[in-house]
Amino acid sequence: MCGNNMSAPLPAIVPAARKATAAVIFLHGLGDTGHSWAEMFAGIRTSHVKYICPHAPIMPVTLNMNMAMPSWFDIIGLGPDAEEDDSGIKQAADNIKALIDQEVKNGIPSHRIVLGGFSQGGALSLYTALTSQQRLAGVVALSCWLPLRSSFPQAAANSVNKEISILQCHGEADPLVPLVFGCLTVEKLKSIVSPANINFKTYPRMPHSSCPQEIMDIKQFIEKQLPPIS
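Residues numbered from 1 in each chain as written. Predicted model: local features only at pLDDT ≥ 70, side-chain atom pairs only at ≥ 80, totals over all residues. Heavy atoms only, no water.

K.L.:
Explain the pairing of strand β4 (residues 58–61) here, please?
P.N.:
On any regular strand, side chains alternate: one points to one face of the sheet, the next to the other face. Pairing geometry for β4 and strand β5 (residues 67–70), over 4 bridges, is antiparallel. Bridging across to β5, Met59 finds its partner in Met69. Joining the antiparallel neighbours β4 and β5 is a turn of 5 residues, in which Met65 adopts a positive phi near 55°. (Pairing = 2+ DSSP bridges. Helix = DSSP H or I, 4+ residues; strand = E, 2+ residues; numbered from the N terminus.)

K.L.:
Please explain the nonpolar core as it appears in this structure.
P.N.:
In summary, soluble globular proteins display a tendency toward joint burial of nonpolar side chains. In terms of nonpolar packing, the biggest core is built from 43 residues, with Ile25, Phe73, Leu124, Leu126 and Trp145 touching the most fellow members. Looking at this core, the elements with two or more residues in it are β2 (22–27), α2 (86–105), β6 (113–118), α3 (120–130), β7 (138–142) and α4 (179–189). Those residues within four positions of Leu126 in sequence are excluded, and the remaining contacts are Val139, Ala141, Cys144, Trp145, Leu146, Ile166, Thr185 and Leu189. Phe26, Trp37, Cys53 and Phe221 belong to the second largest nonpolar core, which has 27 residues in total. (Core = buried A, V, L, I, M, F, W, Y, C linked by side-chain atoms within 4.5 Å. Buried < 20%, exposed > 50% of the residue type's maximum accessible area, 1.4 Å probe, protein only. Contact = heavy atoms within 4.5 Å.)

K.L.:
Got a minute to help me understand helix α5 (residues 212–225) in this structure?
P.N.:
Between its terminal C-alpha atoms α5 stretches 20 Å, which fits the 20 Å expected from 14 residues at 1.5 Å a residue. Considered for burial, the residues of α5 that qualify are Glu214, Asp217, Ile218, Phe221, Ile222 and Gln225. Seen end-on, α5 carries its buried residues on one side only, within an arc spanning 135°. Those residues of α5 that are exposed and aimed more than 90 degrees away from the buried face are Pro212 and Lys224. (Expected span 1.5 Å × (residues − 1). Arc of directions from axis to C-beta.)

Rendered as structure tokens:
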């Protein structure tokens, strides 16, 4: 499986209540679809923002005994030194960059787009933003890690997002992607982008999921990065 988005159904979309002048592209976690996150954004929507929640293609995942499931790229292991799907991650990032280009063609400039995701989707959103030639409004990185981290900061050498604002959130009781992954990620990010633009929030007792306080923090971040155009 090449990980081409053409094999996945069209994204779940929460349209803007009035003319869309900004967009959020949000990538779900392993084994999920975009629908649940689209429902969440429908509950905190801002009237001029369009929310796009694509679905990952179905592919065998090594970590899960090669079972086929929605996945942005293969996951071989969860340890900090696990082997990574180098080509799959880069292909997935190219697919997301193409999705951003499509929104630009639709009339929303890239600097009015926030990219985000949860878990594997958050990992992909970080990698995509940090290697992109598209200037983005911000990144929402939930319960995740930075893929191919040893390739940074060199992999971001030509990125236009060195000053990007990042909201990174993590549950303190996460058993799948432990909090230490979030802490290591934020330290690595500080060597790539302006440290003053990284906001790292943790939530007591939150497992590998979301919580009402985190959702309100996401809403406030989006409203700050994507204000209405008068």
